[in-house]
Amino acid sequence: AAGVIQSPRHLIKEKRETATLKCYPIPRHDTVYWYQQGPGQDPQFLISFYEKMQSDKGSIPDRFSAQQFSDYHSELNMSSLELGDSALYFCASSLRLEGTEAFFGQGTRLTVV
Amino acid sequence: GEDVEQSLFLSVREGDSSVINCTYTDSSSTYLYWYKQEPGAGLQLLTYIFSNMDMKQDQRLTVLLNKKDKHLSLRIADTQTGDSAIYFCAESNDYKLSFGAGTTVTVRA
């Protein structure tokens, strides 16, 4: 079965550069979530989209933005990167029914040097 | 996370049962989840339980939910070396998940 696809799997950027992470949800899933997991930390919710509209916002820095496109894929754009942005970024998708399980991608490991 | 708490470490002998405990704060959570994360890998959904259930069993996994005490546990029977990983408890709130800090389970021979 198709899973959530994230690209790239690994990314190395320098401070103050920009990065774009992509997420392709499971077909027919209408909700996408982004999470950030720092080293040794639990995943923290960043932002979510339902039917291409932002539905909820968590601890996402102002330097980050995200959107969901007409084909339901989502992109997380990160500007003015800082060393502290180094983390594993997960995308998850689900159907917008109460409590429907969220399926996670393998994550993109971003390293800022 | 602040809203979901777990013990950080668990060491268990191969073949024994593992029990990982979790407490959560949001009484309106409809579903509670257990995720497994192996080193350098993504989050794998192990199992979940609906809030009106007390117990759910799935092969070697047994989830117990005490809604009154907001306590969730995951029991892994016959723990194997492949079960070594970090286990995250998560509650759903407004369609997003809040995770605990994760319990690192180490299986020793």
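Our subject is the structure that appears above.
So, here's what we can say about the structure. Computed from a predicted structure; not experimentally measured.

Using the criterion set out here, one finds 2 disulfides over all chains in the structure. Bridging C23 of chain A to C91 of chain A, the disulfide has an S-S length of 1.8 Å. Because the torsion about its S-S bond is -55°, the bridge between C23 of chain A and C91 of chain A counts as left-handed. You can see C23 of chain A sitting in strand 3 (residues 19–24) and its partner C91 of chain A sitting in strand 9 (residues 87–94), a full 68 residues away along the chain. Each of the two residues, C23 of chain A as well as C91 of chain A, counts as buried. In this model, C22 of chain B is linked to C89 of chain B through a disulfide, with the two sulfur atoms separated by 2.0 Å.

In this section: the nonpolar core. Membership of the largest hydrophobic core comes to 22 residues, with the highest contact counts inside it found for W34, L76, M78, Y89 and L110 of chain A. Those elements giving two or more residues to this core turn out to be strand 3, strand 4 (31–37), strand 5 (44–50), strand 7 (64–68), strand 8 (74–78), strand 9 and strand 11 (108–112) of chain A. Apart from the residues within four sequence positions on either side, L110 of chain A is in contact with L11, K13, A19, M78, L81, D85, S86, A87 and Y89 of chain A. One finds I49, V63, L72 and V107 of chain B within the second-largest nonpolar core, a separate group that totals 20 residues.

Glancing now at the layout of surface pockets. Roughly 410 Å³ of internal volume is contained in the largest pocket. Considering the residues around the largest pocket, the lining is formed by 25 residues, among which Q37, G40 and Q41 of chain A together with Q37 and I86 of chain B are closest to the centre. Mapped by element, the contributors of at least two residues to the lining of the largest pocket are strand 9 and strand 11 of chain A together with strand 9 (85–93) of chain B. Grouping the constituent residues of the lining of the largest pocket by class yields 12 nonpolar, 10 polar and 3 charged.

This part is about the environment of E101 of chain A. Examined against the element boundaries, E101 of chain A turns out to sit in the loop between strand 9 and strand 10 (103–104). Distance from E101 of chain A to C23 of chain A, taken between C-alpha atoms, is 17 Å for residues 78 residues apart in sequence.

What follows concerns the packing of aromatic side chains. Counting across every chain of the model gives 14 aromatic pairs over all chains. On the basis of an interplanar angle of 80° and a centroid distance of 5.2 Å, the ring pair of F104 of chain A and Y35 of chain B is categorised as edge-to-face. With one member in each of two chains, F104 of chain A in strand 10 and Y35 of chain B in strand 4 (residues 31–37) form a pair that bridges those chains. By way of ring pairs, the aromatic residues Y35, F45, F90 and F104 of chain A together with Y31, Y33, Y35, Y48, F50, F88 and F99 of chain B are connected into one cluster. The ring of Y48 of chain B carries K56 of chain B above its face, with NZ or CZ at 4.2 Å from the centroid.

Rules used throughout
- Residues numbered from 1 in each chain as written.
- Chains lettered and ligands numbered in written order.
- Predicted model: local features only at pLDDT ≥ 70, side-chain atom pairs only at ≥ 80, totals over all residues.
- Heavy atoms only, no water.
- Disulfide = S-S within 2.5 Å.
- Helix = DSSP H or I, 4+ residues; strand = E, 2+ residues; numbered from the N terminus.
- Buried < 20%, exposed > 50% of the residue type's maximum accessible area, 1.4 Å probe, protein only.
- Core = buried A, V, L, I, M, F, W, Y, C linked by side-chain atoms within 4.5 Å.
- Contact = heavy atoms within 4.5 Å.
- 1 Å grid on protein atoms, 1.4 Å probe; cavity = no way out; pocket = protein on both sides within 12 Å on 5 of 7 lines; lining within 4 Å.
- Points joined across faces, edges and corners; volume = space filled by probe spheres on them.
- Nonpolar A, V, L, I, M, F, W, Y, C, P; charged D, E, K, R; others polar.
- Phe/Tyr/Trp six-rings, centres within 6.5 Å; stacked < 30°, edge-to-face > 60°.
- Lys NZ or Arg CZ within 6 Å of the ring centre and 35° of its normal.

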